[in-house]
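Analysis of the macromolecular model
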Amino acid sequence: MTALREARIDLGALRANLGILRGKVAPARVMGVVKAQAYGHGAVPVARALEDEGVDWLGVADLGEALELRAAGIRTPVLAWLHGPDVDARAAAEHDIDLGVSTIDQLERAADAGATVQLKLDTGLSRNGFGPTEAIAAFARAADHERGGRLRVRGIFSHLSNTSADDDARQTELFTELVEAAQDAGLEPELRHLAATQGALTRPAARLDLVRLGIGLYGLEYDDGADPAAMGLRPVMQLSATITAVRRVPAGTGMSYGYTDRTDRETTLALVPLGYADGIPRAASGRATVQIGGATFRQVGRIAMDQFLIDVGDAPVAVGDRVVLWGDPASGAPSAVDWAHAAGTIGYEIVTRVGPRVARVAV
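Throughout what follows, the structure given in this document is the object of discussion.

Points about a negative patch on the surface
- A surface patch of like charges, here negative, comprises Glu173, Glu177, Glu180 and Asp184.
- Take Asp184: it is sitting in helix H8 (residues 165–184).
- With relative accessibility at 70%, the residue Asp184 sits in the exposed group.

Regarding the nonpolar core
- Ranked by size, the top nonpolar core spans 112 residues in total, and within it Leu69, Leu119, Phe139, Phe308, Leu325, Trp326 and Trp339 carry the most contacts.
- Filtering out sequence-adjacent residues up to four positions away, Trp326 remains in contact with Met237, Gln238, Leu239, Ile280, Pro334, Ser335, Ala336, Trp339, Ile350, Val351 and Val354.
- If you look at the next biggest cluster of nonpolar residues, it comprises seven residues, including Ala245, Val249, Val300 and Leu309.

A short note on the packing of aromatic side chains
- Applying the stated criterion across every chain, the model contains four aromatic pairs.
- Ring centres of Trp326 and Trp339 lie 5.8 Å apart, and the angle between their planes is 65°; this geometry places the pair in the edge-to-face category. Remark: Trp339 occurs in helix H10 (residues 336–343) and Trp326 occurs in strand E18 (residues 322–326); sequence separation between them is 13 residues.
- Assessed through its relative accessible area of 0%, Trp326 is described here as buried.
- Linked through ring pairs, Tyr39, Tyr218 and Tyr348 together constitute an aromatic cluster.

Some thoughts on H8
- Here H8 is 20 residues long and its end C-alpha atoms lie 29 Å apart, about the 28 Å a rise of 1.5 Å per residue gives.
- Those residues of H8 lying buried are Asp168, Gln171, Thr172, Phe175, Leu178, Val179, Ala181 and Ala182.
- In this structure, the buried residues of H8 make contact with helix H7 (132–147), strand E7 (152–157) and strand E8 (191–193).
- At the C-terminal side of H8, Gly186 shows a positive phi close to 105°.

Thoughts on the pattern of salt bridges
- In the structure shown here, the tally under the stated rule is 23 salt bridges.
- Of the charged contacts, one joins Asp144 and Arg150 as a salt bridge, the two residues approaching to 3.3 Å between their closest N and O atoms.
- Classification of Asp144 by relative accessible area gives partly exposed; the value is 29%.
- For Arg150, a relative accessible area of 33% gives the class partly exposed.
- When the shortest N-O distance is used, the salt bridge between Arg357 and Asp278 registers 2.9 Å. Here the residue Arg357 occupies a position in the loop between helix H11 (347–352) and strand E19 (359–362), and Asp278 occupies one in the loop between strand E14 (267–272) and strand E15 (289–292), the gap between them amounting to 79 residues.
- Relative accessible area serves as the criterion here: at 37%, Arg357 is assigned to the partly exposed category.

With respect to the packing of helix H6 (residues 104–113) against H7
- Where H6 contacts H7, the axes come no closer than 11 Å and their chain directions differ by 5°. What the angle tells us is that H6 and H7 run roughly parallel. Contacts between H6 and H7 pair Ile104, Leu107, Glu108 and Ala111 from the former with Ala138, Arg141, Ala142 and His145 from the latter.
- Looking at the contact of H6 with H7 residue by residue, the class counts come to five nonpolar, one polar and two charged.

Side note on the sheet that holds E19
- Strand order in this open sheet of nine strands is E11-E14-E17-E16-E15-E18-E10-E1-E19, and the pairing throughout is mixed. Each edge of the sheet is formed by a strand with only one pairing partner; in this case those strands are strand E11 (245–249) and E19. If you compare each strand with its neighbour and ignore which way they point, the axes differ by 35° on average.
- As paired elements, strand E1 (residues 5–9) and strand E10 (residues 237–242) share five bridges and run antiparallel to each other. In the sheet register, Glu6 faces E10, and the bridge partner there is Ser240.
- On top of the sheet, H10 reaches E15, strand E17 (308–313) and E18; it is set at about 70° to E18, its chief contact.

The rules behind the values
Residues numbered from 1 in each chain as written. Predicted model: local features only at pLDDT ≥ 70, side-chain atom pairs only at ≥ 80, totals over all residues. Heavy atoms only, no water. Patch = residues over 30% accessible without salt bridge, like charges linked within 9 Å, V, L, I, M, F, W, Y side chains within 5 Å. Areas by Shrake-Rupley, 256 points an atom, 1.4 Å probe, with all protein chains shown as cover. Salt bridge = Lys/Arg side-chain N within 4 Å of Asp/Glu carboxyl O. Lys, Arg positive; Asp, Glu negative; His and termini not counted. Charge placed at Lys NZ, Arg CZ, Asp CG, Glu CD. Helix = DSSP H or I, 4+ residues; strand = E, 2+ residues; numbered from the N terminus. Buried < 20%, exposed > 50% of the residue type's maximum accessible area, 1.4 Å probe, protein only. Core = buried A, V, L, I, M, F, W, Y, C linked by side-chain atoms within 4.5 Å. Contact = heavy atoms within 4.5 Å. Phe/Tyr/Trp six-rings, centres within 6.5 Å; stacked < 30°, edge-to-face > 60°. Expected span 1.5 Å × (residues − 1). Axes fitted to C-alpha atoms, helices over the stretch in contact; angles between N-to-C directions. Parallel < 35°, antiparallel > 145°, perpendicular 65-115°, else oblique. Nonpolar A, V, L, I, M, F, W, Y, C, P; charged D, E, K, R; others polar. Pairing = 2+ DSSP bridges.

Following this line, the structure appears as structure tokens:
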């Protein structure tokens, strides 16, 4: 029985994407980023597939995400990098999870628990991480803890802003200087990492020991104008649903809330049981397209919480037919990036926000 709402996750495409990207960033090691339920694709099945392919590391935002992977039996090294003030460093140590440390308090908690850490540096995003002036004291304290056998410093990392070649070059230079300062303090990090997908593909100098591959693994555009298909990358998610109602209506018929659209002719409307509760962006109302049986149709009227309408004209569409919102453009389907453009956002947001009512089916 086909699910009413379904996100089909193509693990074959995921594996192929990993192979292509590995070849482009070699000899750097690769971290597969599976935070936020693997960008909406399902963290555990995606992580298992990456582990089967021998990915070097897995990356998540918080400790809870890392513990979910361990509970599923995934043994690949994991780094979690975003923490509240009460992070359970002892749980991280017990489950062999590296903590990305951004404050002295986090460093002290990690030392009390005997955890392994990677020091996060703020080289220009102004988010978390030790700033250049704070880093020197942090390096000294971390080196003292390491000499005392209280923790291990496995890595040092930061994140590029992807603003411009000059900005990224300045961040790379600052990161290099801070790593040298860490070494002067007595630290010998095994891993230095700075680049995510965009930086890894466009800034060879930023690849260092490890790159963090996120959106590229899922086959989506990592920068405006980038063409993943030109590199052989394929979208991993296809989002579809079953049409639940079809009706013939005359010209002038209002459609959905507010009658933002009215039919300009006699036509057929089909109802799709997906809405903003499932992550379909309301901002895309009246601008997105879908695919049914190889043909493309326009979404009409306001996207509601649970449903939206499409105008299928005179096409022989029936209840039970499958409608594809996004998938692989090579098949003629709209892409998640097409929906992003319709909503004025980015492909990352479109796939990541797909809600829990949508069944994930790994194939």
